[in-house]
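Summary of the model geometry
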Amino acid sequence: MADVTVVRMPNGRFEENCYLVGDPATREAVLVDPGEEPVRFLAAVRKGGWTLRAVWLTHGHLDHVLGVPAVRAASGVPVLLHDADRPLYDAAPQQAAWLLGEQVDALPPPDGALVPGETVRVGGLAFEVRHVPGHSPGSVAFLGHGRAFVGDVLFAGSVGRTDLPGGDGARLLRSIREELLPLADETIVHSGHGPDTTIGRERRTNPFLTGAARLA
């Protein structure tokens, strides 16, 4: 199994997790979900001696995309997003007004679409794109090398909220059961907020998956 470097960077008012995911053999990396502190993310790229190749977005909610303009302006790398979340992404100014009471500029258009079943690569690393809607229509997970970057679909002891526009509780649970729970128990889950967990731990103890709790 190839070595993978993962740097988790909680940031911003929502404590969103931006991830630097890199191939230590080639020193090539991507940023997954650059949130509110792009200067910090870019500094991590430089400090680690990484060559940034892309931005991969698990979904289009504001806290996961606020850093896109600065990262793209500084690096010129392509930004990839599932087409079903393009309306959310394009509505970043409206999301900011509603959630933060602030004004932000429109985000630069994505440079490409994340297609379920296809593979995205950085250096010698390959990750499968899985469509996991429910938290948002175009939520995706990146699966590979014993890891799953799942955005806000699954958390340690919880699941993503479904009360935002485009949310669907039944669809979220179906996505988790069909696309994530079949993964090996030892698969590390890198969530959009909070600590890492594993598929096995969540299968056994997550109250939303064992039936001990229910989505509103």
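Predicted model, so just to flag it, every value in this text is computed and none were measured.

In this section: the overall build of the protein chain. Secondary structure assignment for the protein chain yields eight helices and 14 strands. In terms of overall size, the protein chain behaves like a compact globule, its C-alpha atoms giving a radius of gyration of 16 Å where 216 residues would be expected to give roughly 17 Å. The dimensions of the protein chain, computed from C-alpha atoms along their principal axes, are 45 × 45 × 30 Å. In the protein chain, which comprises 216 residues, the share counted as buried stands at 49%. The long-range fraction of contacts in the protein chain, counting pairs at least 24 apart against all pairs at least 6 apart in sequence, stands at 58%. Split by element, the accessible area of the protein chain, about 9,200 Å² in all, is 51% carbon and sulfur. Across the protein chain, 20 positive and 26 negative side-chain charges occur, with their mean positions spaced 4 Å apart.

Now for the pairing of strand β9 (residues 140-144). Within β9, five of the five residues are buried, which leaves it mostly tucked inside the rest of the structure. Burial of the side chains of β9 extends over both faces: Val140, Phe142 and Gly144 are buried on one face and Ala141 and Leu143 on the other. Inspection of the sheet shows strand β8 (residues 125-131) paired to β9 by four bridges, in the antiparallel sense. Considered in β9, the bridge of valine 129 is made with phenylalanine 142. Looking at chain direction, β9 and strand β10 (residues 147-151) are connected through three bridges and run antiparallel. When the sheet's bridge partners are listed, glycine 144 is paired in β10 with arginine 147. Where β9 folds back on β10, the antiparallel hairpin that results is connected by two residues, among which histidine 145 adopts a positive phi of roughly 55°.

Among all positions of helix α1 (residues 38-47), only Pro38, Phe41, Leu42 and Val45 are buried. Down the axis of α1, the smallest arc covering the buried residues is 95°, so these residues share one side. The exposed set on the far side of α1, more than 90 degrees from its buried face, consists of Val39 and Lys47. Two residues or fewer after α1 comes glycine 49, characterised by a positive phi angle close to 70°.

Any two side chains of opposite charge can pair if their charged atoms end up close together. Taken as a whole, this structure holds 10 salt bridges when the rule is applied. Between glutamate 128 and arginine 130 there is a salt bridge whose closest N-O contact spans 3.0 Å. Judged by relative accessible area, glutamate 128 falls into the partly exposed class, the value being 30%. A salt bridge links glutamate 179 to arginine 130; the shortest N-O distance between them is 3.3 Å. Here glutamate 179, found in helix α6 (residues 169-180), pairs with arginine 130, found in strand β8; they are 49 residues apart in sequence, far enough to count as distant. The network of salt bridges with common partners includes Arg13, Glu36 and Glu102.

What follows covers the side chain of threonine 187. Relative to the helices and strands, threonine 187 resides in the loop between α6 and β13 (188-191). Within the structure, the side chain of threonine 187 is placed 2.9 Å from the backbone oxygen of alanine 184, a separation counted as a polar contact.

Attention now moves to the sheet that holds β8. Strand order in this open sheet of six strands is β7-β8-β9-β10-β13-β14, and the pairing throughout is mixed. Edge strands, defined here as strands with exactly one partner in the open sheet, are β7 (119-122) and β14 (197-198). Across four bridges, the pairing between β7 and β8 is antiparallel. Its bridge partner lying in β8, valine 120 is registered against phenylalanine 127.

What counts as what
- The residue numbers shown here count from 1 along each chain, following its written sequence.
- Local features are withheld for residues below a pLDDT of 70 in this predicted model, meaning they are given only at 70 or higher, and side-chain atom pairs are given and counted only at 80 or more; totals for whole chains, interfaces and linings count all residues.
- Think of the side-chain values as coming from all heavy atoms in the structure, minus any hydrogens and water.
- Numbering goes from the N terminus for both helices and strands, where a helix is a DSSP run of H or I of at least four residues and a strand is a run of E of at least two.
- It is over C-alpha atoms that the radius of gyration is taken, and the globule rule equals 2.2 Å times the number of residues to the power 0.38.
- Burial status follows relative accessibility: with a 1.4 Å probe on protein chains alone, a residue under 20% of its type maximum counts as buried, one over 50% as exposed, and anything between as partly exposed.
- Whether two residues touch is decided by their heavy atoms; if any such pair falls within 4.5 Å, the residues are in contact.
- Here the accessible surface of atoms and residues is derived via Shrake-Rupley with a 1.4 Å probe, and residues count as covered only by protein chains that are part of the display.
- Lys and Arg are tallied as positive, Asp and Glu as negative. Neither His nor the chain termini are counted.
- Taken as the charge centre is NZ of Lys, CZ of Arg, CG of Asp or CD of Glu, depending on the residue.
- Two strands form a pair only when DSSP identifies at least two bridges running between them.
- Note that the arc is computed from the directions linking the helix axis to the C-beta atoms.
- Just to be clear on terms, a salt bridge is a Lys or Arg side-chain nitrogen sitting within 4 Å of an Asp or Glu carboxyl oxygen.
- Between N or O atoms, a polar contact is any pair within 3.5 Å; within protein, one atom must be a potential hydrogen donor and the other a potential acceptor, and residues adjacent in sequence are included only when both atoms are from side chains.

Function cannot be read off these values alone, since they describe shape.
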